[in-house]
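Working through the structure, step by step
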Amino acid sequence: GAILDLDEAGEWVAAGKADIVALCRALIADTALPKKTFRGHKDEVVPCIRCNVCLIRGAHSLPVRCTVNPLSVREDYYRCLPPAALRKKVVVVGGGPAGMEAALIAVSRGHEVTLFEKEERLGGNLAVASAPAFKNDMKRFLDYLVRHVERSGIKVKLGAAATVESVGKEKPDELVLAVGAEPVWPDIPGVRPTAGAGHMPTIWAGDVFAGREIPGEQVVVVGDGGMACEAALVLAQQGKKVAIVELPGGSGQDQTVNFVDMMMLLEMLEGHGIRVRQGVVLEAILDGKVSVADQAGLPQEIPADAVVLALELKSRTETIGPFLDVAPEVYVVGDCKAPRILFNAVHEGFEAALEM
């Protein structure tokens, strides 16, 4: 299952391991995959990331949709994306997946597009989420988006934190705000977003994905959702001794990994001897250890050299507020509308550009 391209399919047939290979998810992501491949345009294929959104939606009696291709299963409805009746100046603030998708669709419809990104690279939190080696499928999609932005004629301003003044100078007719979300640090004793001398390092799980070096050998990961389990797997693959406990209130808002993928993720963790300590909740971070309450509410201590927190994200609403009057039409998309999953970011960016 999950063969994603014709090269791999051909290898299976050529090796005699299969008489025929049928692709499913890869063709949901891009029905033109065979045509593009045979014509020598493999880099134009929209890459399936095996996120299983198509499968999960079907399981819930929802129409099949694709995270990475909003046109999928709606090709007839969007048989030909209409060119814009009037060429407009479009400004996109934020170079994550929602911002890039909005910019790509807008420029494809004939608009003049400028994209502001405060970092020196495109990707936003997708660059963070796709960094672990076992998330290579997601990295392929990020590379696809960046490659197409670079070829599109979009004016990209990297390392340029958008301000009301800099955006206003562009005189946009349409403004897309896609500035994403940021972690919320809980009010728990010992949690410090910036560790000082003599304090236990407390680290956001996203920084683990981004390659931050984690000191010591024993790491406590806090959170029982997808982000926490992925961070724990990254650390285990680095040879760390990992314990997973829960955040106060649980990780109910963590939608980053669906239940199908979560089963495999938990199985991979068990291969490293790691299980989520269900009902064991973080109470405080101390020097060289964490204090937790077990299922009975009794205190326990777990040795730790560092603590990694899979934190909830909050929309950057303070950032978008000043921009709401900069253009006649303003769209708020992706995580800065509400922190969710890649599906929402891509589809909202797509739909905003259709409105222009």
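Up top you'll find the structure we're talking about.
Okay, so let's go over this structure. Quantities reported herein were computed from a predicted structural model and do not represent experimental measurements.

The next point concerns helix H7 (residues 136-152). Here H7 is 17 residues long and its end C-alpha atoms lie 24 Å apart, about the 24 Å a rise of 1.5 Å per residue gives. Among the residues of H7, those classed as buried are Asp137, Met138, Phe141, Leu142, Tyr144, Leu145, Val146, His148 and Val149. At the exit of H7 stands glycine 153, carrying a positive phi of roughly 95°.

What follows covers the pattern of salt bridges. One pass over the full model with this rule turns up 17 salt bridges. A salt bridge links aspartate 7 to lysine 42, with the nearest nitrogen and oxygen atoms 2.3 Å apart. Note that aspartate 7 is positioned in helix H1 (residues 6-14) and lysine 42 in the loop between helix H3 (33-38) and helix H4 (53-59), a separation of 35 residues in sequence. For lysine 42, a relative accessible area of 43% gives the class partly exposed. Arginine 340 is the salt-bridge partner of glutamate 348, the closest N and O atoms lying 2.5 Å from each other. Taking relative accessible area as the criterion, glutamate 348 reaches 11% and is therefore assigned buried. Note on arginine 340: relative accessible area 22%, which makes it partly exposed. Three or more residues joined by partner-sharing salt bridges are found here, namely Lys89, Glu112, Lys157 and Glu170.

This part takes up the sheet that holds strand E11 (residues 299-303). Strand order across the open sheet formed by 7 strands is E6-E12-E7-E8-E9-E10-E11, with mixed pairing between neighbours. Either end of the sheet is taken by a strand with one partner, and the two such strands are strand E6 (202-204) and E11. Direction aside, neighbouring strands of the sheet carry axes that sit 40° apart on average. Of the pairings in the sheet, the one linking strand E10 (residues 289-293) to E11 comprises 5 bridges and is antiparallel in character. Across the sheet, lysine 289 pairs through a bridge with proline 303, a residue of E11.

All right, on to the sheet that holds strand E2 (residues 112-117) then. Taken together, 5 strands build an open sheet; the order of strands is E3-E2-E1-E4-E14 and the sheet is parallel. If you trace the sheet from one side to the other, it starts and ends with strand E3 (155-158) and strand E14 (329-332), each paired once. Sheet twist, expressed as the mean angle between neighbouring strand axes with direction ignored, is 15°. Across 4 bridges, strand E1 (residues 89-93) lies against strand E4 (residues 174-177) in parallel orientation. For valine 93, the partnering residue across the bridge sits in E4 and is leucine 177.

The next thing to look at is the side chain of glutamate 230. If you trace the backbone, glutamate 230 turns up in helix H10 (residues 226-237). Here lysine 135 takes part through its side chain, which lies 3.0 Å from a polar atom of the side chain of glutamate 230. When residues no more than four places from it in sequence are discounted, the contact partners of glutamate 230 are Phe134, Lys135, Phe209, Val257 and Leu265.

Topologically, arginine 74 is positioned in the loop between H4 and E1. Put simply, arginine 74 is tucked away with no salt bridge, and the nearest opposite charge, on glutamate 351, sits 4.7 Å away. Among the polar contacts made by the side chain of arginine 74, one reaches the main-chain carbonyl oxygen of proline 70 at a distance of 2.8 Å. With residues up to four places along the chain from it excluded, the contact list for arginine 74 reads Arg65 and His347.

Definitions and limits used
- Residues numbered from 1 in each chain as written.
- Predicted model: local features only at pLDDT ≥ 70, side-chain atom pairs only at ≥ 80, totals over all residues.
- Heavy atoms only, no water.
- Helix = DSSP H or I, 4+ residues; strand = E, 2+ residues; numbered from the N terminus.
- Expected span 1.5 Å × (residues − 1).
- Buried < 20%, exposed > 50% of the residue type's maximum accessible area, 1.4 Å probe, protein only.
- Salt bridge = Lys/Arg side-chain N within 4 Å of Asp/Glu carboxyl O.
- Pairing = 2+ DSSP bridges.
- Axes fitted to C-alpha atoms, helices over the stretch in contact; angles between N-to-C directions.
- Polar contact = N/O pair within 3.5 Å; in protein donor to acceptor, adjacent residues only side chain to side chain.
- Contact = heavy atoms within 4.5 Å.
- Lys, Arg positive; Asp, Glu negative; His and termini not counted.

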